[in-house]
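Survey of secondary and tertiary structure
What follows is each chain in one-letter form.
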Amino acid sequence: MEKLRRLLRRIRVVYRRSSRLTKTVVLSAVVLSMAALLTLHLTAGALQARAEELKDEAARLEQENQQLESNIDGLGSADSVEQIAGDELGLVDPNTVVIHPEP
């Protein structure tokens with residue numbers, strides 16, 4: 001332990017003033033690093049917002065897809081054929097009486 005104390009007493013730390021060029025380079029590196037971090041932060045935020053939008057759109061499309069699959073499953077039934085014939089083609093069952101109001 002005593003040896004260590006003697007050794008530490010003999011060590012001298014010499015501080016030299018750095019040149020103006022060194023200070024400028026270090027300061028420039030710090031400023032550019034901060035700018036890069038800010039840019040990354042802003043980009044990450046924008047990407048996160050876009051990801052949320054895409055998740056919402058995917059959920060909406062999934063719901064729409066399920067609705068369309070349900071509609072497709074019902075297309076072969078007699079009720080759906082009758083509804084399409086009436087809604088899109090204006091056809092009615094021959095046994096049905098249609099009364100049109102006067103204009």
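Residues numbered from 1 in each chain as written. Predicted model: local features only at pLDDT ≥ 70, side-chain atom pairs only at ≥ 80, totals over all residues. Heavy atoms only, no water.

Attention now moves to the overall build of the chain. Each helix and strand in the chain was counted, giving 3 helices and 0 strands. Along the chain, from the amino end to the carboxyl end, the secondary structure elements read α-α-α. Taken over C-alpha atoms, the radius of gyration comes to 39 Å for the chain, far larger than the 13 Å a tight globule of 103 residues would show. With the C-alpha coordinates aligned to their principal axes, the bounding extent of the chain is approximately 115 × 40 × 20 Å. Counting all 103 residues of the chain, 2% fall into the buried class. (Helix = DSSP H or I, 4+ residues; strand = E, 2+ residues; numbered from the N terminus. Rg over C-alpha atoms; globule rule 2.2 N^0.38 Å. Buried < 20%, exposed > 50% of the residue type's maximum accessible area, 1.4 Å probe, protein only.)

Moving on: the pattern of salt bridges. Taken as a whole and judged by the stated rule, the model has 3 salt bridges. Here Lys-55 ties to Glu-52 by a salt bridge, and the two come within 3.9 Å at their closest N and O atoms. Here Lys-55 and its partner Glu-52 are both found in helix H2 (residues 20-73), 3 residues apart, which amounts to about one turn of the helix. (Salt bridge = Lys/Arg side-chain N within 4 Å of Asp/Glu carboxyl O.)

Here we take up a nonpolar patch on the surface. Together, Met-1, Leu-4, Leu-7, Leu-8, Ile-11, Val-13 and Tyr-15 give the surface a local cluster of nonpolar side chains, amounting to about 840 Å² of exposed area. Here Tyr-15 shows up in the loop between helix H1 (2-10) and H2. The class of Tyr-15 is exposed, set by a relative accessible area of 74%. (Patch = residues over 30% accessible without salt bridge, like charges linked within 9 Å, V, L, I, M, F, W, Y side chains within 5 Å. Areas by Shrake-Rupley, 256 points an atom, 1.4 Å probe, with all protein chains shown as cover.)

The predicted model of the chain averages 88 in pLDDT, with 100% of residues at 70 or higher. Of all helices and strands in the chain, the one with the weakest mean pLDDT is helix H3 (residues 78-89) (80), whereas H2 scores best (95). (pLDDT = per-residue confidence, 0-100.)

Looking now at the side chain of Ser-80. If you trace the backbone, Ser-80 turns up in helix H3. Apart from the residues within four sequence positions on either side, Ser-80 is in contact with Gly-74 and Leu-75. (Contact = heavy atoms within 4.5 Å.)

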